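Chain by chain, the residues run as shown.
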Amino acid sequence: MDLYCVMGNPVEHSKSPWIHARFAELTGQLLRYDKRLIPLDGFVRAVRDFRAEGGRGCNVTVPFKFEAPQLATRLTPRAQLAQASNILAFDGNDILGDNTDGIGLVMDVQDNAGVALAGRDVLIVGAGGAAAGVLGPFIDAQPRRIVIANRTVDKAQAIVERHAAMAREHGVELHASQLEANGAFDVVINATAASMSGSGIPIAASVLKPRALACDLMYGPAAAGFVAWAQENGAVARDGLGMLVEQAAEAFLVWRGVRPPSAQVLAELRATLA
Ligand code: NAP
């Protein structure tokens, strides 16, 4: 049986084993998918050990997404642009680094939430691994304007500079900003770790246009504060469960060459968690 896993720290909360087991069931693929808690200084060794056991691929989560591309022998263009990988695929001596976070979120926003991004104003809050993975696919969807706002504004600036040429080619205005971002937006993505650490809402409600889509990349009880804040302020609230399932579906496609029925699995997962 082919072996896969998610590596992270923390990783106990991860729903990825459930999602991939269900994908495998629905597509008739034979595989086993585990979760592995990796010591903060132990990522390189963990990948080496997993490959030695016959591992075929892994998801990479906090805090190893920036370390993962350094282990890859080749990177997809989307991982290169993000400088972060949320998946690795192993084939003999070849290690492919990819990033499916961004396409996963775009699919969730456009296909599952039904909000077309073209021509919209988008605020992405945060400039860590998730924001870096999300920006390229968001530019591809051709909104009118994207602002990356971060507590440490230099990090937002660095991501913006890396994507500046792509944004120009797609006719998308792209700026970096402090958390006190000016203006109001149609789509607001909380890609900070604030919900994970329980440190509250990192932005003012004035960033929300009426009926804006406000999406926290966290899910479960940790996202409840953001979801309530968005609803209280007239937005359509969404958590990160859809992105989680869609990025997993794209990873499954990379690993197995088959796209699983992600909308069905998202509905089942929501029902299970409810
Ligand atoms: P990361 O690389 O550690 O980046 C964390 C970001 O959050 C940084 O921009 C940091 O700002 C900011 N931040 C942390 N605490 C903050 C606070 N109290 N106030 C304001 N900003 C704060 O983490 P990541 O990988 O990008 O992940 C971010 C979130 O996305 C996590 O909650 C993660 O679980 C979630 N995520 C979900 C999915 C999914 O599939 N649903 C996929 C990927 C990530 P500084 O730069 O100033 O430190």
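Everything numeric here is computed off the predicted structure, so don't read it as measured data.

Within the protein chain, the secondary structure is distributed over eleven helices and twelve strands. Relative to the globule expectation of 19 Å for 274 residues, the C-alpha radius of gyration of the protein chain, 18 Å, shows essentially globular dimensions. Overall, the protein chain is about 50 × 40 × 30 Å in size when its C-alpha atoms are taken along their principal axes. Counting over 274 residues, the protein chain shows a buried share of 54%. Sequence-distant contacts, at least 24 apart, represent 68% of the contacts inside the protein chain between residues at least 6 apart. Entry remark: accessible area of the protein chain is about 11700 Å², with carbon and sulfur atoms responsible for 51%. A gap of 1 Å separates the mean positions of the 25 positive and 28 negative side-chain charges of the protein chain.

Under the 1.5 Å per step criterion, the end-to-end length of helix α11 (residues 262-273) is 16 Å for twelve residues, consistent within 8% with the ideal 16 Å. Within α11, the full set of buried residues consists of Ser262, Val265, Leu266 and Leu269. Each buried residue of α11 lies within a common arc of 105° when the element is viewed along its axis, so the set occupies one face. On its buried face, α11 is in contact with α1 (16-27), α5 (101-112), β12 (236-238) and α10 (241-256).

This part takes up the nonpolar core. Counting 32 residues, the largest nonpolar core has Leu105, Ile124, Phe138, Ile146, Ile148 and Ile189 as its most contacted members. Those elements that provide at least two residues to this core are α5, β7 (121-125), α6 (129-140), β8 (145-149), α7 (153-170), β10 (185-190) and β11 (208-216). Ranked by the residues each element gives to this core, the list is headed by α6, at seven residues. If we skip the residues at most four places from it in the chain, Ile148 touches Ile124, Gly126, Ala127, Leu135, Ala156, Val160, Leu174, His175, Ala176 and Ser177. Counting 23 residues, the second largest nonpolar core, distinct from the first, contains Ile19, Ala89, Leu244 and Trp255.

Attention now goes to α7. Taking 1.5 Å as the rise per residue, α7 with 18 residues should run 26 Å; its terminal C-alpha atoms sit 24 Å apart, in good agreement. The principal kink in α7, of about 50°, is found at His163. Restricting attention to buried positions, one finds in α7 the residues Ala156, Ile159, Val160, His163, Met166, Ala167 and His170. Against the buried residues of α7 lie α4 (77-82), α6, β8 and β9 (173-177). Immediately downstream of α7, the backbone of Gly171 shows phi near 70°, a positive value.

Moving on, we come to the site of the ligand. In the neighbourhood of the ligand, 25 residues make up the surrounding shell, with Ala130, Asn150, Thr152, Lys155 and Ser199 lying closest. For the ligand, an oxygen atom lies 2.8 Å from a polar atom in the backbone of Ala130. Between the ligand and the protein, one listed contact pairs an oxygen atom with a side-chain N or O atom of Asn150 at 2.8 Å. Isolated, the ligand exposes 920 Å² of accessible area, and the fraction of that covered by the protein chains is 84%.

Moving on: the side chain of His20. On the secondary structure map, His20 appears in helix α1. Filtering out sequence-adjacent residues up to four positions away, His20 remains in contact with Leu31, Tyr33, Asn59, Ala248, Phe252 and Trp255.

What follows concerns the sheet that holds strand β6 (residues 94-98). Strand-to-strand pairing in sheets goes through backbone hydrogen bonds, with the strands running parallel or antiparallel. Strands sit in the order β2-β1-β3-β5-β6-β4 across an open sheet of six strands; the sheet is mixed. Of all strands in the sheet, those with a lone pairing partner are β2 (31-37) and β4 (74-75), marking the two edges. Bridge count between strand β1 (residues 2-8) and strand β3 (residues 55-60): five bridges; the pairing is parallel. By the bridge assignment, Tyr4 is partnered in β3 with Gly57. Of the strands in this sheet, β1, β2 and β3 are in contact with α1, which crosses β2 at around 175°. Where helix α2 (residues 43-52) meets the sheet, its contacts fall on β1, β2, β3, β5 (87-91) and β6, and the angle it forms with β1 comes to roughly 170°.

What counts as what
- Residues numbered from 1 in each chain as written.
- Predicted model: local features only at pLDDT ≥ 70, side-chain atom pairs only at ≥ 80, totals over all residues.
- Heavy atoms only, no water.
- Helix = DSSP H or I, 4+ residues; strand = E, 2+ residues; numbered from the N terminus.
- Rg over C-alpha atoms; globule rule 2.2 N^0.38 Å.
- Buried < 20%, exposed > 50% of the residue type's maximum accessible area, 1.4 Å probe, protein only.
- Contact = heavy atoms within 4.5 Å.
- Areas by Shrake-Rupley, 256 points an atom, 1.4 Å probe, with all protein chains shown as cover.
- Lys, Arg positive; Asp, Glu negative; His and termini not counted.
- Charge placed at Lys NZ, Arg CZ, Asp CG, Glu CD.
- Expected span 1.5 Å × (residues − 1).
- Arc of directions from axis to C-beta.
- Core = buried A, V, L, I, M, F, W, Y, C linked by side-chain atoms within 4.5 Å.
- Bend = angle between axes of the 7 residues up to and from the residue.
- Near = heavy atom within 4 Å.
- Polar contact = N/O pair within 3.5 Å; in protein donor to acceptor, adjacent residues only side chain to side chain.
- Pairing = 2+ DSSP bridges.
- Axes fitted to C-alpha atoms, helices over the stretch in contact; angles between N-to-C directions.

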